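Spelled out from the first residue to the last, the chains are:
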Amino acid sequence: MTAAATALDLADPGVDVVELTRRVCDLPSVSGDETALADAVEAALRALPGLEVARDGDAVVARTAHGRAERVLLAGHLDTVPLTDPPNLPVRREQHPVDGDVLVGRGTCDMKGGVAVQLALAARVAAAGAAPARDVTFVFYDHEEVEAARNGLGRLARNAPQLLAADFAVLLEPSSAVVEGGCNGTLRAEVTTTGKAAHSARPWRGRNAVHDAAPVLARLAAYVPREVDVEGLVFREALNAVLVSGGIAGNVIPDRCTVTVNYRYAPSLDAAGAEAHVREVFEGFDVRVTDAADGARPGLHLPAAADFVARTGAAPRPKYGWTDVARFSALGVPAVNYGPGDNATAHADDERCRTAEIEQCLEVLSSWLLEPGEGAA
């Protein structure tokens, strides 16, 4: 363990979750450098009674084992995108003209506020002993902000799927303390046109592949995205060009042009259905799918989810972006996004999180998870 492993003290179940957020953020954990924070989280959890703690790389899992009929899983990633130059750490607390009392600095929104809420909840769950009606699993994982192959949650699913077994999961990604159900899927494809290279002074001897891509862009410009009702939430789809590449020099007619498109599709579709739709839109062109990840259905009709949504006091919304709730969905675990922070500030130089949302998420989750079971004192 590193010296930082003693930085997070959860001995007091009434720990100030805003101050805890600041301390979690001030342990830098850019993707690939999460070890110090993972050490600190592991040490803090092992010091709590009644939790079984396991570690896989820089992912830490803590579980109660009271034999309850229902298990809830809470998850959040430890890593952040790179710091600014100069670094936007340590975190500072200030009054924002719109957001009020906020923490400002890397990770405050995405998603150390959610990580601190999990840690504070772990302290409360441990202090409650066997009283709560539900068993709880806390998952803290690494490498979320980089390529999917390195994602710590995916690694846990491969190495120790039993640690992720649950009836319902809450991913504490920033959602402004409102439940966001499920998530859209995402597919990337390359739409390619081919021509014939020639000197740009004699273009009639070739065929310009960039010009031939104009109909591809025209179809995208005319495209009307669908709005799809999935289990009572309306998911908005999107199909956009995100990259155009072609040409090799300033005096050569390009013989190839590739338009990379990104399709964000409702969770009513799977990757095969999404691919079929993209091929239909670009019929007559060469289409190659390069990446696809299915979304997740909301699952808000399930009793645990309905109870949780009711306790938040706000109507749930659909999640338009892709999040790791889809990984839980693939494991057969319904999941929602719910955490402090406005996604609009995630990764920004002035990344920030309202302190009131951090406190609100802790209290909502506490009231839901710490409800006494039958026969509890």
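Bear in mind the structure is a predicted one, so any value in this text is a computation, not a measurement.

Quick notes on the pairing of strand β5 (residues 100-104)
Then step 1. Both strand β4 (residues 92-96) and β5 contribute to a ladder of five bridges, which runs antiparallel. By the bridge assignment, Gln 95 is partnered in β5 with Asp 101.
Then step 2. Between β4 and β5, which pair antiparallel one after the other, the connecting turn spans three residues.
Then step 3. Across three bridges, the pairing between β5 and strand β19 (residues 352-354) is antiparallel. Counterpart to Val 102 in the pairing with β19 is Arg 354.

Digging into the sheet that holds β19
Then step 1. Taken in spatial order, the three strands make up an open sheet running β4-β5-β19, and their pairing is antiparallel. Two strands lie at the open edges of the sheet, namely β4 and β19, each paired on one side alone. Ignoring which end each strand starts from, the neighbouring axes of this sheet average 35 degrees apart.
Then step 2. Running over the sheet, helix α3 (residues 108-128) touches β5 and β19 and is turned about 50 degrees from β19.

With respect to unusual backbone geometry
Then step 1. Residue Pro 90 is bonded to the preceding Leu 89 through a cis peptide linkage, with omega at 0 degrees.
Then step 2. For Pro 90, the position within the fold is in the loop between β3 (71-77) and β4.
Then step 3. Across the junction of Asp 110 and Met 111, the peptide omega takes the value -15 degrees, indicating a cis bond.
Then step 4. A positive phi angle, close to 70 degrees, is found at His 347, a residue other than glycine.
Then step 5. Position of His 347 among the secondary structure elements: in the loop between β18 (335-337) and β19.
Then step 6. Given a relative accessible area of 38%, His 347 falls into the partly exposed group.

A word on the sheet that holds strand β1 (residues 52-56)
Strand pairing within a sheet occurs via backbone hydrogen bonds; the two strands may be parallel or antiparallel.
Then step 1. With mixed pairing, eight strands are arranged side by side in an open sheet as β1-β2-β6-β3-β7-β18-β8-β17. The open sheet terminates on both sides in strands that have one partner only, identified here as β1 and β17 (317-318).
Then step 2. Pairing between strand β8 (residues 180-181) and β18: two bridges, direction antiparallel. Note on β18: the bridge partner recorded for Gly 181 is Val 336.

Let's talk about the layout of surface pockets
Then step 1. In this model, the largest pocket occupies a volume close to 820 Å³.
Then step 2. Lining the largest pocket we find 33 residues, and of these Glu 144, Thr 186, Trp 322, Thr 323 and Asp 324 sit closest to its centre.
Then step 3. At the level of secondary structure, the elements contributing two or more residues to the lining of the largest pocket comprise β9 (185-194), β16 (286-293) and α9 (325-330).
Then step 4. Here the element with the most residues in the lining of the largest pocket is α9; it accounts for four residues.

So, the packing of helix α1 (residues 17-25) against α3
Then step 1. Between α1 and α3, the shortest axis-to-axis distance is 8 Å and the interhelical angle comes to 125 degrees. In terms of orientation, α1 lies oblique with respect to α3. The handedness of the crossing between α1 and α3 is right-handed. Each of Val 17, Leu 20, Thr 21, Val 24 and Cys 25 in α1 lies in contact with α3, whose residues at this interface are Thr 108, Lys 112, Gly 113, Val 115, Ala 116, Val 117, Leu 119 and Ala 120.
Then step 2. For the contact of α1 with α3, a count of residues per class yields nine nonpolar, three polar and one charged.

Examining helix α7 (residues 271-281)
Then step 1. Turning to α7, its buried residues are Ala 274, His 277, Val 278 and Val 281. Within α7, the buried residues cover an arc of 95 degrees as seen down the axis, which keeps them to one side. Among the exposed residues of α7, those pointing more than 90 degrees away from its buried face are Ala 272 and Glu 280.
Then step 2. Close packing links the buried residues of α7 with β9, α6 (214-222), β13 (238-246), β15 (256-265) and β16.

Definitions and cut-offs
- Residues numbered from 1 in each chain as written.
- Predicted model: local features only at pLDDT ≥ 70, side-chain atom pairs only at ≥ 80, totals over all residues.
- Heavy atoms only, no water.
- Pairing = 2+ DSSP bridges.
- Helix = DSSP H or I, 4+ residues; strand = E, 2+ residues; numbered from the N terminus.
- Axes fitted to C-alpha atoms, helices over the stretch in contact; angles between N-to-C directions.
- Contact = heavy atoms within 4.5 Å.
- Buried < 20%, exposed > 50% of the residue type's maximum accessible area, 1.4 Å probe, protein only.
- 1 Å grid on protein atoms, 1.4 Å probe; cavity = no way out; pocket = protein on both sides within 12 Å on 5 of 7 lines; lining within 4 Å.
- Points joined across faces, edges and corners; volume = space filled by probe spheres on them.
- Parallel < 35°, antiparallel > 145°, perpendicular 65-115°, else oblique.
- Left-handed = near helix turned anticlockwise from the far one by under 90°.
- Nonpolar A, V, L, I, M, F, W, Y, C, P; charged D, E, K, R; others polar.
- Arc of directions from axis to C-beta.

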